[in-house]
Amino acid sequence: MKGNKTLMTVAMVSMALAANAAQIKVETGDVSLIMDGEPGGALNLCYFGEKLANTSEFAYAWHITQPDTQDEYGRQLYPAYGGRFFLNPALKLTHADGVMTTELVYRSHEQKAIDANRTETVVHLQDKIYDARVDLRFVAYNDEDVITQSVIFSHGEKGEVTVENIASSYITLKAHDYYLTHFHGTWAREMQLTEEKLTPGVKVVESKKGVRTAQSDNSAFLLSLDAPASEYSGDVYAGALAWTGNYKMQFEVDEAGLLHIVGGINPFASAISLSAGEELVTPEMVLTYSNNGRSEVTHNLHDWARRYNLAHGDEVRPVVLNSWEGAYFDFDEKVITDMIDDAAAFGVEMFVLDDGWFGNKFPRNGDNAGLGDWQVNKKKLPQGIGYLADYAVSKGMKFGIWIEPEMVNPDSELARRHPEWIVQSGKRDLLPMRNQHLLDLSNPEVQDFVFETFDNVLKMSPNISYVKWDANRHADNVGSTYLAADEQGRFWYDYICGLYNVYERIRAKYPDVLIQLCSSGGGRVDFGALKYHDEFWASDNTNALDRLKIQYSENIFFPAMATAAHVSTSPNHQTGMMLPLKFRFDVAMMGRLGMELQPKQLEGDERTFALNAIELYKELRPVIQLGDLYRIDSPYDEDGYCSDVYVSKDRREAVVFAFSTTYHNRTQSYDIKLHGLDPAKNYLLKEVNTPDGGSWYPGNGKVYSGEFLMKAGLSLPIGGAFTSMVLHLTEQ
Ligand code: DGJ
C-alpha cells in the first residue's frame, strides 16, 4: 500500500454525462485516469490521480466553469485546434481541402489485458466532419503505477493532410499552485535541477537540436501540486517523453487557473503530409503519479524501466574500465594490453576501447579525421581488434568497443564516397561541429550503413560484448538529399525513426550485447533510446562534485544501474578540481561503477584503495542496481551536505552514501534520518570503503532498529570539505 492520503488531486470535475456516454478507466494499482466520451461528443478527462474505488459519481458531478466561458473543449483529453479552443492544442492539421481546423469527437474504445500486469486501452477519436482519425493508446502498468500514452493519426481524405503538430499527451490538472521541476544544462553540465512556480501563461521546455536533445534540457519533468515537490509527501506527477529527437513540453496555466501539460515531438519545422491510409505514430509519454512525493515517483519509474525499458534490466552491470581519459587517441597495442593487464589486476570486469582505433587513409589520431572509416588502424593495432578482445578474455575480462556510426569527418573515405549522405540544406555551407558532420538517417541506405557498421565491428571478434555508441554533434542547417523537396519537413521525425529502425535491427541480431548510450554524455538520456541500451554515459564531466548533481537529477527518472559513473584522475580533466580518491569512488559507486583513467597512475595506497573499493562494489551492487533509491538530502540544497540510501527490495540490506561538499567546521556532524527500511528489523551497521579498511565512527559495528534509523537517525562525523561515508546495513 502506498499510503492512504485522500487529498483530492482531481484534474477536472466532470459535467453530467449523457445517458449513452462511456466512462473509460485507465488504472494501475494506485492510479486512476478517468475519461468520459459520448459518441459524437468530446472525449474529456475527468480525473488523473490517486486511485478511486468508485467512479460512478462522475456521472452527475458538477461542471466547474460556466459553459460560455469554458466550453466543452476546455477539458478535452486530446484537444485539436478547432472549435472554441484558445490554448495550445495537442493536434493541428490542415485538411486536404485547406481547412485548418479539426474538431475531434469520441467514437469508441477498446480495452484488453496484454498480460497480468499490463492493460492496453485504445480510444478512437475522429473529426466531426472529415475522415481524420486519432487513436489514443494507453498502456497501464499495474504494479509500477506507470501509464504510457501515444497517438496514431491516419485519414481517408482525398488528398494529403498535413500534420503540423501532434502531441503524445495532454494532461489537465487543477490546483492552486503548480511547481514544475525541469532539468537544464549543457555539455559537461547536464541535468541541472530547477524548480519553479508556474505563473499564468506558457512555460516551454524544448529541444530543436535533433541529436543530443537531452543535453541542454531533458524532456523529463516533475509537477507538484500546491507546494514544491517534497520527497515523501504531496502530489507529484512525472512525465518523460520516450523520444530521442526534438521535443516540446508546454505547461500552460489558463485563465481559469487550470494547468495543461502538452508534450510530444517538437512541431518546429516538422510539418508532415500524409496520404490516405498512411499512419503517423507519436512516441510514448511515460507518466506516473504519487501522493507520497517524488521518491515514489522515482520507484515507479525505476521499476518500470528495469522491467520494461532497459535492456537486461534485471541483470547487474559489470565494473568497466574505459580507455578514453586514460589514453585518449594516443595509444598502440602495448598501451592497450597494459591497460587490460592493469584493469584485470583491479578486478575490473569489462575493458572498453574508446575512440581512436580506426581509419587508415585518414587515421583517427584526433577528432579531425577518420569518422566513417570503421576499419581497424593497422599501424596502431596491427593484430586487430580480435587480438585485443581475446587478450581481455584471457585476462578474465570482457571486451567492449567505441563507435560513433551516425557521424563522418570531412577527412574520411566515407565523406568522399557519399557526400550525399551528409545532412545538408541545399547549397548552404555545411557547419562542422567537433570537425564532423551528421549522416542522414532518414535515408534507408544510411540506415543500412549504420547497421552494417555495428554488425561489421561485432564481426571483428566473437569476444566483443559491449559497445559504446557515441554521437558528438547536433543537427543544424538540416535537410536531406534523400527526401523529396516537399518532404523536407519529415527530416526530424524520419531521422529518429531511422535511428530506431537501426537499433531494432541491432537488438534483433545482438540481444545479448551490452550497449552504452553515450552521446557526449547526457545527450540522449531518454526512455526512447534507453529501450535499446543497457546504460547511459551520464556526462563527460567526471568531476565527482559535479556528478553528484548530475546523477541526482538523472536518477530521479532513470535507474542507478543504467548510470555509467566512472572514477577519473585528479586533477579532473574537465574541471581541474582535485578531490580525494575515496570521494570520487563513493560518488561513482552510486551508479554503475567504472574507471576512466590510466590505471598505472594509481599507486601505493591509492591502488590498494581502488582495488578494495571495486571488490566492495561487487558486494554492494545488487542493492544499488536492483534496489530502491531513497533520497535523504539533495546536493542542490545550500547546506553543503547530501545523502541517499539504496534499500534492497526485501528490506534486508541497505547502503547509505553521505557527502560533505564544503568545509563546515571541525566539530560539526551531519544528522540524517534514513528511509525505506523495515522499522521492525534490526540492522548491523558497518562503515565501508574507508582508506585503511577500519572505521573510527562510533556507530560502526552496532546494531540499530529500522525504526531508530528512520526516526532518530544517525549523526555522521563528516564536516570537512569533500569528506564522505558509505554505510552498509545488513539485517541481523
Ligand atoms: C565523447 C564521449 O562522451 C567520451 O566519453 C569519449 O568517448 C569521446 N566522445 C571520444 O571521442
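Note that the structure is predicted; figures quoted are calculated from it, not measured.

J.: So what about the site of the ligand? Which residues, and what values?
T.: The environment of the ligand is made up of 13 residues, and the closest members are Asp354, Asp355, Lys468, Asp470 and Asp540. Within the side chain of Asp355, an N or O atom sits 2.6 Å from an oxygen atom of the ligand. The fraction of the free accessible surface of the ligand (300 Å²) that becomes covered by protein chains is 98%.

J.: An account of unusual backbone geometry is needed here, citing residue identities and associated values.
T.: In the segment running from Ser570 into Pro571, the intervening peptide bond is cis, with an omega of 0 degrees. The backbone of Ala188 sits at a positive phi, close to 65 degrees, despite the residue not being glycine. Position of Ala188 relative to the elements: it lies in the loop between strand 10 (178-184) and strand 11 (192-197). Taking the relative accessible area as the measure of exposure, Ala188 reaches 12% and is therefore buried.

J.: An account of the pairing of strand 4 (residues 91-94) is needed here, citing residue identities and associated values.
T.: Alternating positions in strand 4 separate into two faces, Leu91 and Leu93 on one and Lys92 and Thr94 on the other, with burial throughout. Note that strand 4 and strand 9 (residues 161-174) share four bridges and pair antiparallel. In the sheet register, Lys92 faces strand 9, and the bridge partner there is Asn165.

J.: Go over the sheet that holds strand 37 (residues 723-731) with me, naming the residues and quoting the values.
T.: Sheet architecture is open: six strands sit in the order 30-31-32-37-34-35, paired in antiparallel fashion. Each having just a single partner strand, strand 30 (628-633) and strand 35 (703-705) make up the two edges of the open sheet. The average undirected angle you get between the axes of adjacent strands in this sheet is 25 degrees. As judged from the seven bridges shared by strand 31 (residues 641-647) and strand 32 (residues 653-660), these two strands associate in the antiparallel manner. Following the sheet pairing, Val645 is matched in strand 32 by Val656. On top of the sheet, helix 9 (residues 544-557) reaches strand 30, strand 31 and strand 32; it is set at about 130 degrees to strand 30, its chief contact.

J.: Give me the lowdown on the pairing of strand 28 (residues 563-568), citing residues and values where you can.
T.: Here strand 28 lies mainly inside the structure; six of its six residues are buried. Residues Thr563, Ala565 and Val567 of strand 28 are buried on one face, and the alternating residues Ala564, His566 and Ser568, pointing to the opposite face, are buried as well. The pairing of strand 27 (residues 535-537) with strand 28 spans two bridges and is parallel. Each bridged residue has a counterpart across the sheet, and for Trp537 the counterpart in strand 28 is Ala564.

J.: So what's going on with the packing of aromatic side chains? Residues and values would help.
T.: Evaluation of the coordinates by the stated rule reveals 39 aromatic pairs. For the ring pair Trp421 and Phe449, a centre distance of 5.4 Å and an interplane angle of 55 degrees mean the geometry is tilted. Of this pair, Trp421 sits in the loop between helix 5 (413-417) and strand 24 (437-438) while Phe449 is found in helix 6 (residues 444-459), placing the two residues 28 residues apart along the sequence. Relative accessible area serves as the criterion here: at 6%, Trp421 is assigned to the buried category. Plain terms: the ring middles of Phe583 and Phe722 are 5.9 Å apart, the flat faces sit at 75 degrees to each other, and that makes the pair edge-to-face. With Phe583 in helix 10 (residues 581-588) and Phe722 in the loop between strand 36 (714-716) and strand 37, this residue pair connects regions lying 139 residues apart in the sequence. A residue is classified by how much of its surface remains accessible, and Phe583, at 0% relative accessible area, is buried. Accessibility expressed as a relative area gives 22% for Phe722, which makes it partly exposed. One cation-aromatic arrangement involves Arg547 over Trp537; the distance from NZ or CZ to the ring centre is 4.7 Å.

Reading guide: rules and limits
- Residues numbered from 1 in each chain as written.
- Predicted model: local features only at pLDDT ≥ 70, side-chain atom pairs only at ≥ 80, totals over all residues.
- Heavy atoms only, no water.
- Near = heavy atom within 4 Å.
- Polar contact = N/O pair within 3.5 Å; in protein donor to acceptor, adjacent residues only side chain to side chain.
- Areas by Shrake-Rupley, 256 points an atom, 1.4 Å probe, with all protein chains shown as cover.
- Helix = DSSP H or I, 4+ residues; strand = E, 2+ residues; numbered from the N terminus.
- Buried < 20%, exposed > 50% of the residue type's maximum accessible area, 1.4 Å probe, protein only.
- Pairing = 2+ DSSP bridges.
- Axes fitted to C-alpha atoms, helices over the stretch in contact; angles between N-to-C directions.
- Contact = heavy atoms within 4.5 Å.
- Phe/Tyr/Trp six-rings, centres within 6.5 Å; stacked < 30°, edge-to-face > 60°.
- Lys NZ or Arg CZ within 6 Å of the ring centre and 35° of its normal.

Just geometry here; none of it tells us what the structure is for.
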